[in-house]
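Here is how the chains run, residue by residue.
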Amino acid sequence: MGGPSAEREVSLSTGRECAAALVEAGFDVTELDAGPDLAARLADIAPDVVFNALHGRWGEDGCVQGLLEWMRIPYTHSGVLASALTLDKQRTKAAYVDGGLPVVPSLIAASADVRAGHVMAPPYVVKPNNEGSSVGIYLVHDMADAPPPLSDDMPDRVMVEAFAPGRELTVTVLGNRSLTVTDILTDGWYDYDAKYKAGGSRHVIPADLPQDIFDACMDYALKAHLLLGCRGISRTDFRWDETRDLDGLILLETNTQPGMTPTSLAPEQAAHVGIDFPTLCRTLVEDASCDR
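My aim in this report is to walk through the structure given alongside it, one point at a time. For clarity, every value in this text was computed on a predicted model and none was experimentally measured.

On to the packing of aromatic side chains. Following the criterion strictly, the structure yields 0 aromatic pairs and no others. The aromatic ring of W58 is capped on one face by R57, whose charged end is 4.6 Å from the ring centroid. Sitting above the plane of the Y75 ring, R292 keeps its charged end 6.0 Å from the centroid.

This is how it looks when you write it as structure tokens:
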């Protein structure tokens, strides 16, 4: 849990929640804040299984997975390749396209070029290509005259993506099963605060959707999970423009380390289908392995 990424605080919250649930489920649990001495700490603890509650770079991009493979410690969630692939948003989208899944146009551009002028006709979204949790997202509206004033801590190269209007939907896949569809309602952009602060968003579960849209979300999420090689649990996010029916449904990204905080979507979906939080965490531990 924890670690050095931009999502450290979310990961600490996820780690605390999962540790408590695993104790309730009957496991002996040691909480480990991942730092530069991670390998030495793991060697000292000698765990039977590592429950990966890290988010963002180093913990979600294949790095810690590679360390655990090297040490031959079974671990939860996705393996090296799927983790590296899904945290790279542009490569994820290329995989979606290869698999016949719908996306909106996007490109990778230098941050300096994005600050200097529109690299795509507005409206569009600018975001880091390899972070999650809505870290560093800029929405450029259709009437915007000026390019976005990207902060200095944005990476040198960013993803610029055509804005997809409509409703924010998400589906959790556990094992090889899509759980349900959640409709995420906010007063504005579904940003970091909307995701993680109490009252930041309202979740309608199951989403009130036409049956063909609901079924398509469930089908696309499972296809994405399998296409990307995910293991254990994943969550795929969608936008749906209801004025365009099925043509208005597009995939945004797949998250291999979905949050497990009190406001998180994956535990909420699991509970909706009868899987309480300790059982969800136990399921992930029992699925743990190397060579994922």
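Let us now look at the pairing of strand β5 (residues 167-174). In terms of burial, β5 is a largely internal element, 8 of the 8 residues being buried. Of the two faces of β5, the one carrying R167, L169, V171 and V173 and the one carrying E168, T170, T172 and L174 are both buried. Relative to strand β8 (residues 233-240), β5 runs antiparallel, the two being bridged by 8 bridges. Counterpart to E168 in the pairing with β8 is R239. Counting the residues that bridge the hairpin from β5 to strand β6 (residues 177-185) gives 2 residues, and of these G175 lies at a positive phi of roughly 65°.

Before going further, it helps to examine the side chain of S264. Of note, S264 is situated in the loop between β9 (249-255) and α9 (265-272). Reaching out from S264, the side chain makes a polar contact with the backbone oxygen of G259 at a distance of 3.2 Å. At 3.4 Å, the side chain of S264 forms a polar contact with the backbone nitrogen of M260.

In total, this model carries 14 salt bridges according to the counting rule given. With a closest N to O distance of 3.1 Å, R72 and E69 form a salt bridge. Of the charged contacts in the structure, one is a salt bridge between R167 and D183, with a shortest N-O distance of 2.7 Å. Placement of R167 in strand β5 and of D183 in strand β6 is noted, with a sequence separation of 16 residues between them. In this structure, R167 and D183 share a single accessibility class: buried.

Time to look at the sheet that holds strand β4 (residues 157-162). Strand order in this open sheet of 4 strands is β1-β4-β2-β3, and the pairing throughout is antiparallel. The open sheet has two edge strands, β1 (106-110) and β3 (138-140), and neither has a second partner. When the angles between neighbouring strand axes are averaged without regard to direction, this sheet yields 25°. Bridge count for β1 against β4 is 5 bridges, and the pairing is antiparallel.

So, on to the nonpolar core. By size, the foremost hydrophobic cluster in this structure holds 23 residues, and its most contacted members are L169, V181, L209, C217, F238 and L249. At the level of elements, α5 (89-98), β5, α8 (211-227), β8 and β9 are the ones that each hand at least two residues to this core. For this core, the element with the most residues is α8, which contributes 8 residues. When neighbours within four sequence positions are excluded, C217 is seen to be in contact with L169, V171, V181, F238 and L249.

On to unusual backbone geometry. Of note, the amide linkage connecting P122 to P123 takes the cis form, showing an omega dihedral of 0°. When you line up the elements, P123 lands in the loop between α6 (111-116) and β2 (124-128). Cis rather than trans, the peptide bond between I205 and P206 has omega equal to 0°. Counting through the fold element by element, P206 comes out in the loop between β7 (202-204) and α8. A positive phi angle is found at A46, which is not glycine, with a value near 50°.

A word on the pairing of β2. Counting buried positions along β2 gives 5 out of 5 residues, so the element sits mostly inside the fold. Alternating positions in β2 separate into two faces, Y124, V126 and P128 on one and V125 and K127 on the other, with burial throughout. The pairing of β2 with β3 spans 3 bridges and is classified as antiparallel. Its bridge partner lying in β3, V126 is registered against Y138. Alignment of β2 against β4, held across 5 bridges, turns out to be antiparallel. If you follow P128 over to β4, its bridge partner there is V158.

Among all positions in helix α10 (residues 277-286), only P278, L280, C281, L284 and V285 are buried. Down the axis, α10 shows its buried residues gathered within 160° of arc, on one side only. Considering only its buried residues, α10 is in contact with α1 (8-24), β5, β8 and α9.

What follows concerns the packing of helix α4 (residues 80-87) against α5. In the contact formed by α4 and α5, the axes pass within 5 Å of each other and the chain directions differ by 105°. Judged by the angle between their axes, α4 and α5 are roughly perpendicular. Judged by residue contacts, L85, T86 and L87 of α4 engage K89, R91 and T92 from α5. Looking at the contact of α4 with α5, its residues break down into 2 nonpolar, 2 polar and 2 charged.

Parameters and conventions
- Residues numbered from 1 in each chain as written.
- Predicted model: local features only at pLDDT ≥ 70, side-chain atom pairs only at ≥ 80, totals over all residues.
- Heavy atoms only, no water.
- Phe/Tyr/Trp six-rings, centres within 6.5 Å; stacked < 30°, edge-to-face > 60°.
- Lys NZ or Arg CZ within 6 Å of the ring centre and 35° of its normal.
- Buried < 20%, exposed > 50% of the residue type's maximum accessible area, 1.4 Å probe, protein only.
- Helix = DSSP H or I, 4+ residues; strand = E, 2+ residues; numbered from the N terminus.
- Pairing = 2+ DSSP bridges.
- Polar contact = N/O pair within 3.5 Å; in protein donor to acceptor, adjacent residues only side chain to side chain.
- Salt bridge = Lys/Arg side-chain N within 4 Å of Asp/Glu carboxyl O.
- Axes fitted to C-alpha atoms, helices over the stretch in contact; angles between N-to-C directions.
- Core = buried A, V, L, I, M, F, W, Y, C linked by side-chain atoms within 4.5 Å.
- Contact = heavy atoms within 4.5 Å.
- Arc of directions from axis to C-beta.
- Parallel < 35°, antiparallel > 145°, perpendicular 65-115°, else oblique.
- Nonpolar A, V, L, I, M, F, W, Y, C, P; charged D, E, K, R; others polar.

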